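# Summary of the model geometry
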Amino acid sequence: MSQFGLLGKSLQHSFSKSYFEEKWLQEGLSNHEYRLFEWDPGKDLKAFFESNSQLQGLNVTVPYKSMVIPYLDELTPEAQLIGAVNCIKHSQDRWIGHNTDSLAFMNSLASWLPPGFNALALVCGTGGASKAVQQALNCLEIGFSCVSSSGKGISYGHLQELWDPDWKLIINTTPLGMYPDLDSKPEIPYQKLDSSFLLYDLVYNPEKSLFLRLGANQGARVKNGLEMLHLQADLSWQFWNQ
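Nothing here was measured: the structure is a model prediction, and the numbers come from that model. (Residues numbered from 1 in each chain as written. Predicted model: local features only at pLDDT ≥ 70, side-chain atom pairs only at ≥ 80, totals over all residues. Heavy atoms only, no water.)

## Points about helix 5 (residues 128-139)
So the rule is basically this: Only DSSP runs of H or I covering at least 4 residues are called helices, and only runs of E covering at least 2 are called strands; the numbering of each starts at the N terminus. In this scheme, a helix's expected span is set at 1.5 Å multiplied by one less than its residue total. Relative accessibility decides the category of a residue: with a 1.4 Å probe and only protein chains considered, values under 20% of the type maximum give buried, values over 50% give exposed, and everything between is partly exposed. Whether two residues are in contact is decided by their heavy atoms, any of which lying within 4.5 Å being enough.
The terminal C-alpha atoms of helix 5, which comprises 12 residues, lie 17 Å apart, in line with the 16 Å expected from a rise of 1.5 Å per residue. Those residues of helix 5 that fall on the buried side of the exposure criterion are Gly128, Ala129, Ser130, Ala132, Val133, Gln134, Ala136 and Leu137. Tucked into the core, helix 5 has its buried residues touching helix 3 (77-82), helix 4 (101-112), strand 7 (120-124), strand 8 (144-148) and strand 10 (167-172). Glu141 sits one or two positions beyond helix 5 and adopts a positive phi of about 60 degrees.

## Points about a nonpolar patch on the surface
The following threshold applies: In this analysis, a patch consists of residues with relative accessible area above 30% that form no salt bridge, clustered at 9 Å for like charges and at 5 Å for the nonpolar side chains Val, Leu, Ile, Met, Phe, Trp and Tyr. For every accessible area listed, the method is Shrake-Rupley and the probe measures 1.4 Å; residues are considered covered only by the protein chains on display. Whenever a carboxyl oxygen of Asp or Glu lies within 4 Å of a side-chain nitrogen of Lys or Arg, that contact is scored as a salt bridge.
Taken together, the side chains of Met178, Tyr179 and Leu182 make up a nonpolar region of the molecular surface, amounting to roughly 240 Å² of accessible area. Among the secondary structure elements, Leu182 is positioned in the loop between strand 10 and strand 11 (198-201). Look at Leu182 and you get partly exposed, because its relative accessible area is 34%.

## Describing the packing of aromatic side chains
Note on aromatic pairs: each is described by the distance of the centres and the angle between the planes. Formally: Here a Phe, Tyr or Trp ring, Trp counted by its six-membered ring, pairs with any other such ring whose centre lies within 6.5 Å, and the pair is stacked when the planes are under 30 degrees apart, edge-to-face when over 60, and tilted otherwise. For a ring to carry a charge above it, either NZ of a lysine or CZ of an arginine must fall within 6 Å of the ring centroid while also lying within 35 degrees of the normal to the ring plane.
Enumeration according to the criterion identifies 20 aromatic pairs in this entry. Taken together, the ring pairs in this structure connect Phe4, Tyr19, Phe20, Trp24, Tyr34, Trp237 and Trp240 into an aromatic cluster. Lying across the ring of Trp39, Lys43 places its NZ or CZ 4.1 Å from the centre. A cation sits over an aromatic face here: Lys89 above Phe239, 5.8 Å from the ring centre.

## Thoughts on the layout of surface pockets
Cut-off, in case you're wondering: Here a cavity means grid points, on a 1 Å grid over the protein atoms only, where a 1.4 Å probe fits yet cannot get out; a pocket means an open set of points with protein on both sides within 12 Å along at least five of seven lines; lining residues are those with an atom within 4 Å of a point. Grid points are joined across faces, edges and corners, and a volume is the space filled by probe spheres set on the points. Gly is put with the polar residues, along with every residue not named as nonpolar or charged; the nonpolar set is Ala, Val, Leu, Ile, Met, Phe, Trp, Tyr, Cys and Pro, and the charged set is Asp, Glu, Lys and Arg.
Approximately 830 Å³ is the volume attributed to the largest pocket. Contributing to the lining of the largest pocket are 33 residues, with Thr61, Val62, Pro175, Met178 and Tyr204 lying nearest its centre. Looking at the lining of the largest pocket, the elements that each hand over two or more residues are strand 1 (2-8), strand 3 (55-60) and helix 8 (226-240). In terms of residue class, the lining of the largest pocket is made up of 15 nonpolar, 14 polar and 4 charged. Each pocket or cavity is described by its volume, and for the second largest pocket that value is around 340 Å³. What lines the second largest pocket is a set of 20 residues, and nearest its centre among them are Gly125, Thr126, Gly127, Thr174 and Pro175. For the lining of the second largest pocket, the secondary-structure elements that each account for two or more residues are helix 5 and strand 8. For the lining of the second largest pocket, the per-class residue count stands at 8 nonpolar, 10 polar and 2 charged.

## Some points on the pairing of strand 2 (residues 32-38)
Selection criterion: Pairing between strands is defined by DSSP: at least two bridges between the two strands are required.
Sheet analysis places strand 1 next to strand 2, joined by 7 bridges and oriented parallel. Across the sheet, Gly5 pairs through a bridge with Arg35, a residue of strand 2.

## Let's talk about the side chain of Ser102
So the rule is basically this: Any N or O atom pair separated by 3.5 Å or less is treated as a polar contact, with the protein-specific requirement of one donor-capable and one acceptor-capable atom, and with residues adjacent in sequence counted only for side-chain atom pairs.
Mapped onto the fold, Ser102 is located in helix 4. Classification of Ser102 as buried rests on a relative accessible area of 8%. Engagement of the side chain of Ser102 in a polar contact is seen with the backbone oxygen of Ala132, the distance being 3.0 Å. Excluding its chain neighbours within four sequence positions, the residues that come into contact with Ser102 are Ile82, Ala132, Gln135 and Ala136.

Structural data, given as structure tokens:
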């Protein structure tokens, strides 16, 4: 039995398990299993890897995309550059960290942006997912600023006074608005938005977060992270099978 899984804090409503199970069913792979590993951030990650040596591959989600790095034996060039891991391969007793988020986001975003887009982006959050998004924006040559509550980048409290009207693409890389925390959102000045703005939320459950709903109410084009999830999952599968 080939075993894979997802490491995160709260995974009850993750789509990853059903996605991979459906993928394997379509490919006729009956000897594959995908498990959800909910791990308390207060517990030792070293113990997790020691007790799950049977795994061939692992996906990683919040809050562990940067936290897992010290426990890995090797990083791919992509993971080293981004400083975050969302995909781990276990091969010959070595845990190898990789990042499929950045390429998945870049491909999803590039196909969605209007032709000739030449404005700036505002990235909400500075965690592991944000690092992947920042790398994708650099590759697409889209200038950006970051806003967060962590002390990195612009603080939400100063966003109103520092608002740049050229931030036409606003990306939420935080878990704000993710089920079951449906009433939370990045605290941006939504009243400044109009039909010239594009809002991309890495959250995919619910289908339309409060962040996206408030943007759509102002006329903005909106997109959730489900396509990115599918793209990064397929890239993970490719990495595990290299």
